[in-house]
Amino acid sequence: MNFIQWRRDGAVKLKHKGTQKYLAASGQQFNRPISGQMEIVAQSKSGGATEWKVAEGAFVSPPSVNIHTEL
């Protein structure tokens, strides 16, 4: 598994390996199942809608590099 560094003050672009398309917010909002939920789409070209920044969430630390090899 590969881990990338994503700084809270920076932006990243997410590109699907199979389709080579970028994850983007369409600007369309829905009220169900969650009020204010945005539609997410695949887009061929990168642009402003393909930049993602941290706003809220949980931090998941990568697994420790100390692997037990005595077994």
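Since the structure is predicted, the reported quantities are computational estimates derived from the model, not experimental observations. (Residues numbered from 1 in each chain as written. Predicted model: local features only at pLDDT ≥ 70, side-chain atom pairs only at ≥ 80, totals over all residues. Heavy atoms only, no water.)

A. Examining a nonpolar patch on the surface more closely. Together, L14, L23, M38 and I40 make up a nonpolar patch on the protein surface, roughly 290 Å² of accessible area in all. Here I40 shows up in strand β3 (residues 37-43). Classification of I40 as partly exposed rests on a relative accessible area of 40%. (Patch = residues over 30% accessible without salt bridge, like charges linked within 9 Å, V, L, I, M, F, W, Y side chains within 5 Å. Areas by Shrake-Rupley, 256 points an atom, 1.4 Å probe, with all protein chains shown as cover. Salt bridge = Lys/Arg side-chain N within 4 Å of Asp/Glu carboxyl O. Helix = DSSP H or I, 4+ residues; strand = E, 2+ residues; numbered from the N terminus. Buried < 20%, exposed > 50% of the residue type's maximum accessible area, 1.4 Å probe, protein only.)

B. Looking closely at the side chain of T50. In this fold, T50 is placed in the loop between β3 and β4 (52-53). A relative accessible area of 0% means that T50 is categorised as buried. A polar contact of 2.6 Å, which involves the side chain of T50, links it to the backbone oxygen of G47. With sequence-adjacent residues up to four places away left out, T50 is seen in contact with V12, K13, L14, Y22, L23, A24, Q43 and K45. (Polar contact = N/O pair within 3.5 Å; in protein donor to acceptor, adjacent residues only side chain to side chain. Contact = heavy atoms within 4.5 Å.)

C. Main features of the pairing of strand β2 (residues 22-30). By the bridge criterion, six bridges tie β2 to β3 in an arrangement that is antiparallel. Each residue of the ladder has a partner; that of A24, found in β3, is V41. Linkage of β2 to β3, two consecutive antiparallel strands, is achieved through a turn of six residues, within which G36 is found at a positive phi near 85°. (Pairing = 2+ DSSP bridges.)

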